Number of protein chains: 2
Amino acid sequence: MAKKLLILGTVAFDSIETPVGKADKIIGGCASYIAQAASYFDIESAVVSIVGNDFPKEYLNQMETQKIDTSGIEIVPDGKTFFWSGKYLDNMNSRETLVTELNVLEHFNPKVPESYKDASVVMLGNLHPDLQLSCLEQMNKTPKLVVMDTMNFWMDLCMDAVKNTLKHVDVLTINDEEARQLSGVFSLVEAAEIIQEMGPKYVIIKKGADGALLFGEGKIFSAPALPLKAVFDPTGAGDSFAGGFCGYLTKNEDFSFEGLKTAIIHGSNLASFCVESFGIKKLESIDASQIKNRLETFKELTSFQLN
Amino acid sequence: MAKKLLILGTVAFDSIETPVGKADKIIGGCASYIAQAASYFDIESAVVSIVGNDFPKEYLNQMETQKIDTSGIEIVPDGKTFFWSGKYLDNMNSRETLVTELNVLEHFNPKVPESYKDASVVMLGNLHPDLQLSCLEQMNKTPKLVVMDTMNFWMDLCMDAVKNTLKHVDVLTINDEEARQLSGVFSLVEAAEIIQEMGPKYVIIKKGADGALLFGEGKIFSAPALPLKAVFDPTGAGDSFAGGFCGYLTKNEDFSFEGLKTAIIHGSNLASFCVESFGIKKLESIDASQIKNRLETFKELTSFQLN
């Protein structure tokens, strides 16, 4: 049986400015990054999203050649694609949103393709929690793993809806500040415990260039981010991480704590490529040997002897 | 031959306020933390420092029972001990200095005890870089390893002196913001390369609750900090880290990159105890089995399988 990953999220245009350069109206959106990263794991995936008629057909065609099913990407004939523009400050850790044009996203009603209603892994990318839930409700077989990403924006807007969707997911990926907002406590260890009580068996707290923490089964795993000499554009790093994480798990189906640890390293590995170019350029153009080689550096980076 | 560690630094009184409590006029100073952490490694150490006649003799006696030679701690009969008072903000990551009374520190002229002029490892705690250099100049045998700590205060005050002392050290421990200040660049990978050109073969960049990075021999090691449920007082964490690092290396004398990696884990381990109480209370009262058990959790925290 084919191993299938269903991805819900945005496919969009981004204009990005960072201290080292800028890029105008390039392809972005969380689902684009997730799908690109997951495509390296020899699985089948589908994206559920929405774009306008201004979105390049060539890109949808390219996704199809990467075994990314685009039949769940609704194309609104007279609509415009979601557009986001942002600027990163000197430290690349904080960013300012310059423009958000929801466009077709305003009336998005996700439709899961029939052939993906039995997907084994579902990745709910950063979107309104009600849309995330609607996607889950369309499944006709309980997925083996449901992963959810969210952000402070949704917690500010509709915390109850976030918490409602959370009841139905296995893994939440969230950054450190958002974990504090969601739990109401400062300690990440305590925050993870509180979030686990909201539903997810596992919580992954993303700390950008400082790596990620996995909490679950009373255990903690600390994953490093790869220290990089030059970061060009942090956009999509968390989504590439999620894509690598879900891609690996869809392929390998080891949903234990140990399996999730390995998946996180794969996610961190793909995120490290993502930030080395603007948009998805680097992420979509790496090859298997580059991925494998860099994966080995994670071992070197973290291994030590006790004596 | 005895394995000796020489420690230069302050022995002081601290008043500390954190979001979870406060402590008035407790024993502090970088040398106190370094010596306490290093004392767990079955080595001989000596502290070079200065106090006033207000400093409790019982504490100096206690240090002697821990095989910490205090003959290099000058007691100024009519002097007052260095006093620092600070307050940590909500996130425990930033602090505000409320009072700094240099007192006897103003005319400190470090004198290395004769029996420690051949110490194999020298730890230059956070003090004026000229005093750090003076300590090194008194050695009559080149130490096997010289470790230096410094801070933004000295870089603001006397950058040239910092750079001059740096020429004579093997390892610099510094936090991320300070590494950026010293190197003038944002990327920590690039910063470490620039700092290595200033003298130290190895650079350790401390990131507080996000762990530490070791750079040297063209390699990078990423060490986690232990995720803790409750942090009471971050004061002295970096010094406990340095003490564990130097204590381990003094005992084991493996000054290779691999040896330094293990030393960093020992340092992180001792730092994790330090922050669990105000001042040095917890650090001075743990036993060997507690240290050993927690050390094992660092393995669990970081180990993963690639497949």
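Refer to the structure printed above.
In this report, the structure presented in the accompanying data block is examined.

Reading guide: rules and limits
Counting restarts for each chain, with residues numbered from 1 along the sequence as it is written. To label them, take the chains in the order written and letter them from A, then take the ligands in the order written and number them from 1. Totals for whole chains, interfaces and linings use all residues, but because this is a predicted model, local features are given only for residues with pLDDT of at least 70 and pairs of side-chain atoms are given and counted only at 80 or more. Based on all heavy atoms of the structure, the side-chain values leave hydrogens and waters out of the count. Contact between two residues is taken to exist if any of their heavy atoms lie within 4.5 Å; hydrogens are not considered. Two parts lose some accessible area (1.4 Å probe) when they are put together, and adding that loss for both gives the buried area. Here, a salt bridge means any Lys or Arg side-chain nitrogen found within 4 Å of an Asp or Glu carboxyl oxygen. In protein, a polar contact means a hydrogen-donor-capable atom and an acceptor-capable atom, both N or O and within 3.5 Å, with residues adjacent in sequence counting only if both atoms are side-chain atoms; elsewhere, any N or O pair within 3.5 Å suffices. Labels follow the DSSP assignment, with helices taken as runs of H or I lasting at least four residues and strands as runs of E lasting at least two, numbered in each case from the N terminus. Asp, Glu, Lys and Arg are counted as charged, while Ala, Val, Leu, Ile, Met, Phe, Trp, Tyr, Cys and Pro are counted as nonpolar; the rest, among them Gly, fall into the polar class. Strands are treated as partners if at least two bridges between them are detected by DSSP. Axis definition: a line fitted to C-alpha atoms, over the contacting stretch in the case of helices. Angles run 0 to 180 degrees between N-to-C directions. A least-squares superposition brings the copies together, and it is based on the C-alpha atoms of residues with pLDDT no lower than 70 in both. A clockwise turn of the near helix away from the far one marks a right-handed crossing, whereas an anticlockwise turn of less than a right angle marks a left-handed crossing. Two aromatic rings, drawn from Phe, Tyr or Trp (for Trp, its six-membered ring), form a pair once their centres lie within 6.5 Å of each other, and the interplanar angle then sorts them: stacked below 30 degrees, edge-to-face above 60, tilted otherwise. Here's how the labels work: a residue is buried when its accessible area is under 20% of the maximum for its type, exposed when over 50%, partly exposed in between, all with a 1.4 Å probe on protein chains only. Any Lys NZ or Arg CZ that is within 6 Å of a ring centre and within 35 degrees of that ring's normal is treated as a charge sitting over the ring.

### With respect to the interface of chain A and chain B
Buried accessible area, meaning the area lost when the parts come together, often serves as the stated size of an interface.
Then, in step 1: Between chain A and chain B, the residue contacts involve 35 residues of the former and 35 residues of the latter.
Then, in step 2: Summing both partners gives a buried area of about 3,200 Å² for chain A against chain B, and 57% of it is carried by carbon and sulfur.
Then, in step 3: Broken down residue by residue, the surface that chain A buries against chain B is led by A:Lys229, A:Phe304 and A:Leu306, which jointly contribute 22%.
Then, in step 4: For the pair chain A and chain B, the interface holds four salt bridges.
Then, in step 5: For A:Lys207, the salt bridge identified is with B:Asp210, shortest N-O distance 2.8 Å.
Then, in step 6: In this assembly, chain A and chain B are joined by 16 residue pairs in polar contact (both at pLDDT 80 or more).
Then, in step 7: When residues of the side of chain A that touches chain B are traced back to their parent elements, those giving at least two are helix 6 (188-197), strand 14 (219-223), helix 8 (257-274) and helix 9 (288-302) of chain A.
Then, in step 8: Counted by class, the side of chain A that touches chain B contains 16 nonpolar, nine polar and ten charged residues.

### What to know about the sheet that holds strand 7 (residues 83-88) of chain A
Sheet strands line up and pair through hydrogen bonds in the backbone, either parallel or antiparallel.
Residues and elements named next belong to chain A.
Then, in step 1: If you trace the four strands from one edge of the open sheet to the other, you get 3-2-7-8, paired in mixed fashion. Strands with a single pairing partner mark the edges of an open sheet, and in this sheet they are strand 3 (21-28) and strand 8 (95-101). On average, each strand axis in the sheet is inclined to that of its neighbour by 15 degrees, with strand direction left out of account.
Then, in step 2: Bridge analysis of strand 7 against strand 8 gives six bridges, and the strand direction is antiparallel. Bridge pairing in strand 8 links tryptophan 84 to threonine 100.

### Here's the deal with unusual backbone geometry
Then, in step 1: Its identity is not glycine, yet A:Lys67 carries a phi of approximately 60 degrees, on the positive side.
Then, in step 2: Inspection of the secondary structure puts A:Lys67 in the loop between helix 2 (57-65) and strand 5 (68-69).
Then, in step 3: Unusually for a residue other than glycine, B:Asp42 sits at a positive phi of about 55 degrees.
Then, in step 4: Within the secondary structure, B:Asp42 sits in the loop between helix 1 (30-38) and strand 4 (44-52).

### Focus on the relation of the copies chain A and chain B
Then, in step 1: Between chain A and chain B, which share one sequence, the superposing operator has a rotation angle of 180 degrees and an axial displacement of 0.0 Å; the RMSD is 0.0 Å. Put plainly, the chains are arranged around a two-fold axis. By C-alpha distance to the rotation axis, the residue of chain A lying nearest is A:Asp210, at 3.1 Å.
Then, in step 2: Residue by residue, 100% of the interface of chain A is reproduced at the interface of chain B, so both copies engage with the same surface.

### Considering the packing of helix 8 of chain A against helix 9 of chain A
When two helices pack together, their arrangement is given by the angle between their axes and by how far apart the axes lie.
Residue and element names in this part refer to chain A.
Then, in step 1: One way to put it is that helix 8 packs onto helix 9 with a least axis distance of 10 Å and a crossing angle of 115 degrees. Considering the relative orientation of helix 8 and helix 9, their crossing is right-handed. For the pair helix 8 and helix 9, the contacting residues are Ile265, His266, Ser268, Asn269, Leu270, Ser272 and Phe273 in the first and Gln290, Ile291, Arg294, Leu295 and Phe298 in the second.
Then, in step 2: Taken together, the residues that form the contact of helix 8 with helix 9 break down as six nonpolar, five polar and one charged.

### What to know about the packing of aromatic side chains
Given two aromatic rings, one states the distance between the centres and the angle between the planes to describe the pair.
Then, in step 1: For the coordinates displayed, the defined rule picks out twelve aromatic pairs over all chains.
Then, in step 2: Here the aromatic rings of B:Phe41 and B:Tyr248 are separated by 6.4 Å at their centres, their planes lie at 80 degrees, and the arrangement is edge-to-face. With B:Phe41 in the loop between helix 1 and strand 4 and B:Tyr248 in helix 7 (residues 237-252), this pair connects stretches of sequence that are 207 residues apart. For the pair formed by B:Phe41 and B:Tyr248, the shared burial category is buried.
Then, in step 3: Judged by centre distance (6.1 Å) and plane angle (80 degrees), the ring pair of B:Phe55 and B:Tyr59 falls under edge-to-face. Taken individually, B:Phe55 and B:Tyr59 each receive the classification buried, so the pair is uniform in this respect.
Then, in step 4: A cation sits over an aromatic face here: A:Lys4 above A:Tyr116, 5.3 Å from the ring centre.

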